[in-house]
Structure formats: structure tokens, C-alpha cells
Amino acid sequence: MPVLTAKRTAPTDDKRWRIVETRMRRLGDRPEALIEALHAAQEAFGYLDSDALQYVSDILGVPPAKVYGVATFYSFFTLKPQGEHTCVVCTGTACYINGAKDIMAGIDAHFGIKPRQTTPDGKLSLLTARCLGACSLAPAVIVDGNVHGKITADELIARLEAI
Ligand code: FES
């Protein structure tokens, strides 16, 4: 039985959140409505940013890692900025103190991109998340929908170079 800790506050007072909230309520605010909820958010905003993913996670009670995984797995979802591959680095507390900062610095030094940027060749986009719900794996990242835990900057860079 999942612990219900849903925050029902929209990230901003942008009226489009009301549209998304209404759509999710009509779908029953159920975890099974995840894909439809992501569609609703993308239709309202044109893409899914970390606020939208976190909001859907909170409302539906779906772990953030799963929401990010689904959103980055299906090609019909768009995360801004959009590259051929997407790397989401968790910068939540557990991940931050366990090396997320070094991971971000490593990606910046190697690929020349900061969060919400895409490499000039359009191959890799870097995003951040507040918590992926996988804190025991800190530092955690998601590469193209797959969670990787306890990863170092060098290991991640090698993995990203191989995709
Ligand atoms: S803080 Fe990174 S997974 Fe929770």
C-alpha cells in the first residue's frame, strides 16, 4: 500500500495547471492514469519539465523514478530541452551529498552542457530532478528511462559516451 503524501499545490499559479489537475481528477488521480496525465501536462505546456513530472508524481502517488522513466522512455513525450538521449541527474539531498555535484561538474567538463541544455550535436540533453525516490541508490541518474545508482561521474560519462 503506497504512502499517500500527495502535495496538491501546483508548481506555479499558471492557469494551465488547473487544466492538468482537472484532467487527472477526471482520470481518478490513480497511478494507472500516469501516461494520460503526462499527455495532459504535455498538451498544456508543450513539453514536460521537472516541475510537471514532480507534480504528476505527487498527485498520482507514483514514485518520481517511475514518472521520469516513463516520460523519458516514450518518444511521444518531450522533455525540454530535447536531445536524442536524455540524462536526468538527481540533485535531491541524498544524491547531492553523495556526489551529484561532481556528476554535474563532470558532465559539464566533458560534454559542455549544464542542466536543461543539449549538446550542439543534439545527442544529449541534461536534466535534473529533486528526488527520484531511489535515495538508497544515491547518487542516482536516469539515462533514457533506465535508473543507474551509486554511479560516479566517470562511470556515467563512459556510459553516456557508449550510447
Ligand atoms: S535524493 Fe536522489 S533519489 Fe532521492
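Visitor: How would you summarise the environment of threonine 12 if you had to cite specific residues and measurements?
Guide: Residue position: threonine 12 is located in the segment before α1 (16-26). Separated by 101 residues in the primary sequence, threonine 12 and isoleucine 113 place their C-alpha atoms 27 Å from one another. A polar contact is formed between the side chain of threonine 12 and the backbone nitrogen of aspartate 14, at a distance of 3.2 Å. There is a polar contact of 2.9 Å between the side chain of threonine 12 and the side chain of tryptophan 17.

Visitor: If you had to explain the environment of proline 115 to someone new, which residues and values would you point to?
Guide: Structurally, the position occupied by proline 115 is in the loop between α5 (93-111) and β2 (117-118). Proline 115 gets classed as partly exposed once you look at its relative accessible area, which sits at 32%. Through-space distance from the C-alpha of proline 115 to that of alanine 37 is 24 Å; in sequence the pair is 78 residues apart. When near neighbours in sequence (up to four residues on either side) are disregarded, proline 115 contacts Met104, Leu126 and Thr128.

Visitor: Tell me about the packing of aromatic side chains, and name the residues and values.
Guide: One pass over the full model with this rule turns up four aromatic pairs. On the numbers, 5.1 Å between centres and 70° between planes, the contact of tryptophan 17 with tyrosine 55 is edge-to-face. One end of the pair, tryptophan 17, is in helix α1; the other, tyrosine 55, is in helix α3 (residues 50-60), and 38 residues separate them in sequence. For the pair tryptophan 17 and tyrosine 55, one class covers both residues: buried. With 4.8 Å between their ring centres and 65° between their planes, phenylalanine 76 and phenylalanine 77 make a pair best called edge-to-face. Overall, the relative accessible area of 40% leaves phenylalanine 76 in the partly exposed class. Judged by its relative accessible area of 4%, phenylalanine 77 is buried. Through pairs of rings, three or more aromatic residues link up here, namely Phe73, Tyr74, Phe76 and Phe77.

Visitor: Just give me the short version of the pattern of salt bridges, but keep the residues and values in it.
Guide: For the structure on display, the rule yields four salt bridges. A salt bridge links aspartate 14 to arginine 16, with the shortest nitrogen-to-oxygen separation between them at 2.7 Å. For aspartate 14, a relative accessible area of 25% puts it in the partly exposed group. Measuring nitrogen to oxygen at the nearest pair gives 3.4 Å for the salt bridge that ties arginine 25 to glutamate 21. Residue arginine 25 and its partner glutamate 21 are both found in helix α1; the two are separated by four residues, about one turn of the helix.

Visitor: So what about unusual backbone geometry? Which residues, and what values?
Guide: In this structure, the amide linkage connecting alanine 138 to the following residue, proline 139, adopts the cis form with an omega of 0°. The phi torsion at aspartate 29 lies on the positive side, around 50°, for a residue other than glycine. Structurally, the position occupied by aspartate 29 is in the loop between α1 and α2 (34-45).

Visitor: Tell me about the domain arrangement of the chain, and name the residues and values.
Guide: As far as domains go, the chain holds domain 1 (16-73) and domain 2 (85-162). Contacts between the two partners involve ten residues from domain 1, matched on the other side by 13 residues from domain 2. When domain 1 packs against domain 2, close to 900 Å² is buried across both sides, 58% of that on carbon and sulfur atoms. Sorting the residues of domain 1 by area buried against domain 2 places Ala65, Tyr68 and Thr72 first, and these three jointly supply 50% of that buried surface. One can count zero salt bridges joining domain 1 with domain 2. Here domain 1 is connected to domain 2 by one residue pair in polar contact (both at pLDDT 80 or more). For the side of domain 1 that touches domain 2, the leading source of residues is helix α4 (residues 64-73), giving five residues. Here the side of domain 1 that touches domain 2 is built from residues that sort into four nonpolar, four polar and two charged.

Reading guide: rules and limits
- Residues numbered from 1 in each chain as written.
- Predicted model: local features only at pLDDT ≥ 70, side-chain atom pairs only at ≥ 80, totals over all residues.
- Heavy atoms only, no water.
- Helix = DSSP H or I, 4+ residues; strand = E, 2+ residues; numbered from the N terminus.
- Polar contact = N/O pair within 3.5 Å; in protein donor to acceptor, adjacent residues only side chain to side chain.
- Buried < 20%, exposed > 50% of the residue type's maximum accessible area, 1.4 Å probe, protein only.
- Contact = heavy atoms within 4.5 Å.
- Phe/Tyr/Trp six-rings, centres within 6.5 Å; stacked < 30°, edge-to-face > 60°.
- Salt bridge = Lys/Arg side-chain N within 4 Å of Asp/Glu carboxyl O.
- Domains from an automatic or database assignment.
- Buried area = accessible area lost by both parts, 1.4 Å probe.
- Nonpolar A, V, L, I, M, F, W, Y, C, P; charged D, E, K, R; others polar.

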